[in-house]
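The primary structure of each chain is shown beneath.
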Amino acid sequence: MVKFVVTVETEDDVEVSLEASSKEEALANLDELLALTRAVAERLKTKPQPKAPKRRGKSEAVKALEIIEQKLIPSSFFSTARTTAEVRQKIIEQFGLPFQSRKVSQALGILYDKGVLTRVGQKGNYRWILPKQP
């Protein structure tokens, strides 16, 4: 048995379909399909569309980066090599912000990429220090 499906899609991604058992039946109900499509599109326009959630501030890595750049580096904290755990602990002690270790590590990696800090030690056991000034 042959089945006929007519689908109408609007610019607003509204899709309405009509299923019929013959061409004649599909054509006979086409006006009704179009009217229904318009009605659905209109009704959906009046309802508030769900919006993507907005970010509610900066990520932990960005906050950690700011603290390290603006507070810890100028304070000579990195005059000796520091582990990620030591940096994280210092941030907790001074600012009361218990960032995840991986976020602190991410911030330190960004500073390394910028050339602000250097790292010593093996991968997975890095220690971070200010580069020697020429």
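Reading the values: rules and limits
Along each chain, residue indices are assigned from 1 in the same order as the chain's sequence is written. Residues qualify for local features only when their pLDDT is at least 70, as the model is predicted, and side-chain atom pairs are given and counted only at 80 or more; totals for whole chains, interfaces and linings, by contrast, use all residues. Computation of side-chain values: all heavy atoms of the structure, hydrogens and water removed. For each residue, the accessible area found with a 1.4 Å probe, counting protein chains only, is set against the maximum for its type, and the residue is called buried under 20%, exposed over 50%, and partly exposed in between. Helix and strand definitions here come from DSSP, where helices need a minimum of 4 consecutive H or I residues and strands a minimum of 2 consecutive E residues; each element is numbered from the N-terminal end. A strand pair is defined by DSSP finding two or more bridges across the two strands. Polar contacts, as counted here, are pairs of nitrogen or oxygen atoms within 3.5 Å of one another; within protein the pair requires one atom able to donate a hydrogen and one able to accept it, and residues that are adjacent in sequence qualify only if both atoms are side-chain atoms. Residue ranges assigned to the domains are those given by an automatic or database domain assignment. By nonpolar core is meant a set of buried Ala, Val, Leu, Ile, Met, Phe, Trp, Tyr and Cys residues that side-chain atoms within 4.5 Å join together. Whether two residues are in contact is decided by their heavy atoms: any pair within 4.5 Å suffices. Helix axes use the C-alpha atoms of the stretch in contact, all axes being lines fitted to C-alpha atoms, and the angles between their N-to-C directions lie in the range 0 to 180 degrees. Note on terminology: angles under 35 degrees are roughly parallel, angles over 145 are roughly antiparallel, angles of 65 to 115 are roughly perpendicular, and the others are oblique. Asp, Glu, Lys and Arg are counted as charged, while Ala, Val, Leu, Ile, Met, Phe, Trp, Tyr, Cys and Pro are counted as nonpolar; the rest, among them Gly, fall into the polar class.

Examining the pairing of strand β2 (residues 15-20)
A regular strand carries its side chains on alternate faces of the sheet. A one-sided burial pattern is seen for β2, the buried positions being Val-16, Leu-18 and Ala-20 and the unburied ones Glu-15, Ser-17 and Glu-19. Between strand β1 (residues 4-9) and β2, which pair antiparallel in sequence order, lie five residues; one of them, Asp-13, sits at a positive phi of approximately 60 degrees.

Some thoughts on the environment of Thr-80
Within the secondary structure layout, Thr-80 lies in the loop between α3 (60-72) and α4 (84-95). Its relative accessible area of 42% is what places Thr-80 among the partly exposed residues. Linking Thr-80 and Leu-130, residues 50 residues apart in sequence, is a C-alpha distance of 7.9 Å. A polar atom in the side chain of Thr-80 sits 3.4 Å from the side chain of Arg-82.

Here we look at the domain arrangement of the protein chain
Taken domain by domain, the protein chain comprises domain 1 (4-46) and domain 2 (60-129). For domain 1 versus domain 2, the separation of C-alpha centres amounts to 59 Å.

Brief notes about unusual backbone geometry
Glycine aside, residues mostly have negative phi angles, and peptide bonds mostly take the trans form. You will see that Ser-76, though not glycine, has its phi angle at about 65 degrees, which is positive. Looking at where Ser-76 falls in the secondary structure, it is placed in the loop between α3 and α4.

Digging into the nonpolar core
Soluble globular proteins tend to bury their nonpolar side chains together. Ranked by internal contacts, the top residues of the largest apolar core, which has 17 residues, are Ile-68, Phe-78, Val-87, Ile-91 and Leu-108. At the level of secondary structure, the elements contributing two or more residues to this core comprise α3, α4 and α5 (101-114). For this core, the element with the highest residue contribution is α3, accounting for five residues. Apart from the residues lying within four places of it in its own chain, the contact partners of Ile-68 are Ile-73, Pro-74, Phe-78, Val-87, Ile-91, Val-104, Ala-107, Leu-108 and Leu-111.

Digging into the pairing of β1
Direction of pairing for β1 relative to β2: antiparallel, over a ladder of six bridges. Residue pairing across strands places Glu-9 opposite Glu-15, the latter belonging to β2.

A closer look at the side chain of Thr-37
Structurally, Thr-37 is set in helix α2 (residues 30-46). A relative accessible area of 3% places Thr-37 in the buried class. Each residue touching Thr-37, except ones within four places of it in the same chain, is listed here: Val-8, Thr-10, Val-14 and Val-16.

Quick word on the packing of α3 against α4
Across the interface, α3 lies against α4 with an axial gap of 11 Å and an inter-helix angle of 75 degrees. One element, α3, and the other, α4, form an angle in the roughly perpendicular class. Contact with α3, carried on its side by Ile-67, Ile-68, Lys-71 and Leu-72, involves Val-87, Lys-90, Ile-91, Gln-94 and Phe-95 of α4 and no other residues of that element. A breakdown of the residues in the contact of α3 with α4 according to their chemical character gives six nonpolar, one polar and two charged.

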